[in-house]
Amino acid sequence: MGARYWQNRQAKMSVVLGVLLLALATMILTVATRLPKDWGITAGSAQIIAAVTGAIGLGNGLVQFLTWWRKRGAATAAPTSADVATAKDVLSGLVTQQWRDETVLRSLCDPEPMPLPWHSTERRELADRPEIIAKGTVAFPGLDVHIADMARNFRALRCRRLVILGGPGTGKTTLAVQLVLELLRTREPEEPVPVLLSAARWDDRLYGRLQDWLAASLALDYPALRAEGLGTDMPETLVARGEVLPVIDGLDELPDTARADMLTALNRSLYETDQLILTCRTDQFAESVEEIGDALTAAAVIEPQPMSPAASADYLEACLPPVPHSVWPQVLEELRKGAVPALSEVTSTSLGLWLVRATYIAPRVDPTPLLALGRGSAATLHDHLCDQLIPALVSTRTPAEGPPQPFRPQHAWTPEQVDRWLTYLSRQLERNEEDPRDVAWWHLARYTSSRTVRFGAAAVIGVVVGLAFGLLTKSLFFSAMAGLFSALVAETLIGSWFTESPGHADFHLRGRLAELLPALRDGLIVGALGAIVGWLMAYASGKPVFALRSSVQIGLLSFVGFVALLSLIRWVESPTADLTARSPRSTWQADRNLTAIRIIGGLVVGLATAGVLLYSGIPPDMSILVGLVLGLLFGLVLGRHHAWLAYKLTIPRLATRGSLPLRAMDFLDDAHRLGLLRTEGPYYQFRHVELQQHLANGRHVAPVTPPARAPSHRDGPGGQDGRT
């Protein structure tokens, strides 16, 4: 309903804009034919420029309106079982690759999974009745089970619904990621594909049902599902048929009312056979269950048991290099004996263990502070570890020499720079109530006002167009009028760039050649319209003898301009739907490449315009200059996806303020390689929300770079012996 409404509105607006352009073209021609001859304006040149612009504008509007009219009641073909199976395989491969990379980056299995035991919750008010959850006894006994056993227990559930609870940093997301990979590894063809999603991205006001939000998320995060051969409705089809297992992470990140609303929406949306995995902090989940007066239907609820100091010490000892620092035996002994209560509390969670590994084991620094701080407050020790995390990761994961390595940064950044830029991002996310987790590169343009940038870009376009028309006509009046109008149109069009989503260029011919025939047909219609306009304008200018010549020139140029600049670009330009556009970097590159293709298309039309101007007697240098300038501007302005251009206009302003570097995408990519950010589809997210909150709240002190060490030949991509 919403998409059709906007298509209808866009079609009508295109017709209105086309009529205005044609009216303006007629006015320009009228003015040009009445100006003194010594101003240097020829009726032929003014006629060609005005008529072609008006004909293409009006023809484009009419074509879009007629296309919408034809499609408004058309039915779409239903996908076959083979199509659905292919789409599931594509989705399974993309999810597997995404989270396998994250698993290596997070060192989830190096040297072994963290020994965190899980068991069914003892708080009966948080779970549904046992006989509804599973046959016989409730699953997930209090055992330190392997992830394969966890997956088998999940499949044994009656409805295969699971809620993973725990305190901050207890490994809820880690377990969810491991479950996703294990379920994918052992998935049978008839089983749904697990997909991990952030709960913070669900706006229940926009998507009242889980299925609607899930389909929209699949279309955005895994756009290969809309690739050729699968159909544009495949995400909706997979969700509607229950072929996707949503793994919703971080319910606790929502406001209190939103959490309760989401639980209510889940209970209302789930069919009898729908599967689900949900993670949330225990206290927040309990509050939401109490508020709605109901638990999640048929879902097993599990919680972690804190790791004992002995288990934590054994795990840390396994992470140490063969010849550790001389203080480590004392730290581990004190930990096992319970003599460092703060350290025992911090390392009882997976987050605390990882922080100790990243800040003291990987850099091979003196762990003596763990003894002193370990006898004090756990909060103080946690803040200390967060303060040391960025300099520790920067020092241990230095840029790789030679070919790029997947888990080492490609550029050198100082700890102070990384700290300052991540603090800026964390505070921007904190202000965003609707989406407090996702860092999208195309959203950076929304972090600062675009008014100055829009006015500046529009002014540049107006000046360039005015100069081009001034060279062509030798008229200050005509030049100023064309420049002013171009600036006004550009300012209006550029305003939407800062809210547009990324796109990509799809040149696949197989199965899409038939789509070119309507483009050629529409081009012929626009060419005929241009010929009629040229004929009428020749008569209106009092030069009927040139009517046939004018009709041929304007009709041909209208056809070439519409087909090359509008139809082909519209055929090539698509929302990010390429199989390779599955990450933030690839979506950025895809939109950049699309911009280059549009510019090339505009230059082709510009050269065609130059040829027609040459044929009309305009000097060669002036014809080429005007054609190239107009073609370049048209290539930049036209189209539906300008996220990369908005990014390039915004980043210099943020860099001037010190908020982000000029190479912002390189920095975000390296922050992911450092282990500070993770990726979820086209988004970056802070690897741990606790670190995001720590930076946003300003509790940290200025980072201090730890003593440098010479890397050994055994160092892998994660720093020390491949461990982090």
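What you see is a predicted model, and the numbers here were worked out from it, not measured in a lab.

Engineer: Could you give me a rundown of the confidence of the model for the chain, with the residues and numbers involved?
Structural biologist: Scored by pLDDT, the chain comes out at a mean of 77, with 69% of its residues at no less than 70. This model gives residues 1–11 a pLDDT under 50, and the stretch forms 10 contacts once residues within four places in sequence are excluded. Overall, residues 577–581 carries pLDDT values under 50, and its contacts beyond four positions in sequence, including any with other chains, amount to 16 contacts.

Engineer: Tell me about a nonpolar patch on the surface, and please be specific about residues and values.
Structural biologist: A contiguous nonpolar surface patch, about 250 Å² in accessible area, is contributed by Leu607, Ile624 and Leu628. For Ile624, the position within the fold is in helix α23 (residues 620–637). Judged by its relative accessible area of 40%, Ile624 falls in the partly exposed class.

Engineer: Got a sec to walk through the environment of Tyr207? Specific residues and values, please.
Structural biologist: Along the chain, Tyr207 turns up in the loop between β3 (193–198) and α7 (210–221). Sequence separation of Tyr207 and Ala265 is 58 residues, and the distance between their C-alpha atoms is 9.5 Å. Among residues more than four places away in sequence, those in contact with Tyr207 are Trp202, Asp212, Trp213 and Ala216.

Engineer: I'd love a proper account of the pattern of salt bridges, names of residues and values included.
Structural biologist: Applying the stated criterion to the full structure yields 19 salt bridges. Residue Arg129 is joined to Glu131 by a salt bridge in which the shortest nitrogen-to-oxygen separation is 3.3 Å. In this structure Arg129 comes out as partly exposed when scored by relative accessible area, which is 49%. Look at Glu131 and you get partly exposed, because its relative accessible area is 47%. Residue Arg585 is joined to Asp666 by a salt bridge in which the shortest nitrogen-to-oxygen separation is 2.7 Å.

Engineer: So, the nonpolar core: which residues are in play, and what are the values?
Structural biologist: Leu91, Leu266, Phe285 and Leu422 are the most contacted members of the largest nonpolar core, which totals 161 residues. The residues contacting Phe285, other than those within four sequence positions of it, are Leu126, Val163, Leu165, Leu251, Leu263, Leu278 and Cys280.

Engineer: Go over the packing of helix α17 (residues 415–431) against helix α26 (residues 689–696), please, and point to the residues and values.
Structural biologist: The N-to-C vectors of α17 and α26 enclose an angle of 100 degrees; their axes lie 8 Å apart at closest approach. Put simply, α17 runs roughly perpendicular to α26. Across the interface between the two elements, Asp419, Leu422, Thr423, Ser426, Arg427, Leu429 and Glu430 from α17 touch Gln692, Leu695 and Ala696 from α26. The class makeup of the residues in the contact of α17 with α26 is four nonpolar, three polar and three charged.

Engineer: Describe the packing of helix α16 (residues 378–396) against α17, and please don't skip the residues or the numbers.
Structural biologist: Contact geometry for α16 and α17: axes closest at 9 Å, N-to-C directions at 130 degrees. Taken together, α16 and α17 sit at an angle that is classed as oblique. Here the hand of the crossing between α16 and α17 comes out right-handed. Residues Ile390, Pro391 and Val394 of α16 form the contact with α17, whose participating residues are Pro415, Val418, Asp419 and Leu422. For the contact of α16 with α17, a count of residues per class yields six nonpolar, no polar and one charged.

Engineer: Which residues make up helix α14 (residues 350–361), and what are the values?
Structural biologist: For α14, with 12 residues, the first-to-last C-alpha span of 15 Å sits near the 16 Å given by 1.5 Å per residue. With respect to burial, α14 is a largely interior element, 12 of its 12 residues being buried. Every buried residue belonging to α14 is among Ser350, Leu351, Gly352, Leu353, Trp354, Leu355, Val356, Arg357, Ala358, Thr359, Tyr360 and Ile361, and all of these are buried.

Engineer: So what's going on with the environment of Pro620? Which residues, and what values?
Structural biologist: As for its placement among the helices and strands, Pro620 is situated in helix α23. Distance from Pro620 to Ala610, taken between C-alpha atoms, is 8.0 Å for residues 10 residues apart in sequence.

Engineer: Before we move on, could you go through the side chain of Ser312 and cite the residues and values that matter?
Structural biologist: Mapped onto the elements of the fold, Ser312 is located in helix α11 (residues 309–319). Take Ser312: its relative accessible area is 0%, and that puts it in the buried class. When near neighbours in sequence (up to four residues on either side) are disregarded, Ser312 contacts Met307, Leu335, Thr347, Ser348 and Leu353.

Engineer: Outline the environment of Ala313, supporting the account with residue identities and numerical values.
Structural biologist: If you trace the backbone, Ala313 turns up in helix α11. Between the C-alpha atom of Ala313 and that of Pro329, which follows or precedes it by 16 residues, the distance is 9.9 Å. Contacts of Ala313, omitting those with residues within four sequence positions, involve Leu332, Leu335 and Arg336.

Cut-offs used in this document
Residues numbered from 1 in each chain as written. Predicted model: local features only at pLDDT ≥ 70, side-chain atom pairs only at ≥ 80, totals over all residues. Heavy atoms only, no water. pLDDT = per-residue confidence, 0-100. Contact = heavy atoms within 4.5 Å. Patch = residues over 30% accessible without salt bridge, like charges linked within 9 Å, V, L, I, M, F, W, Y side chains within 5 Å. Areas by Shrake-Rupley, 256 points an atom, 1.4 Å probe, with all protein chains shown as cover. Salt bridge = Lys/Arg side-chain N within 4 Å of Asp/Glu carboxyl O. Helix = DSSP H or I, 4+ residues; strand = E, 2+ residues; numbered from the N terminus. Buried < 20%, exposed > 50% of the residue type's maximum accessible area, 1.4 Å probe, protein only. Core = buried A, V, L, I, M, F, W, Y, C linked by side-chain atoms within 4.5 Å. Axes fitted to C-alpha atoms, helices over the stretch in contact; angles between N-to-C directions. Parallel < 35°, antiparallel > 145°, perpendicular 65-115°, else oblique. Nonpolar A, V, L, I, M, F, W, Y, C, P; charged D, E, K, R; others polar. Left-handed = near helix turned anticlockwise from the far one by under 90°. Expected span 1.5 Å × (residues − 1).

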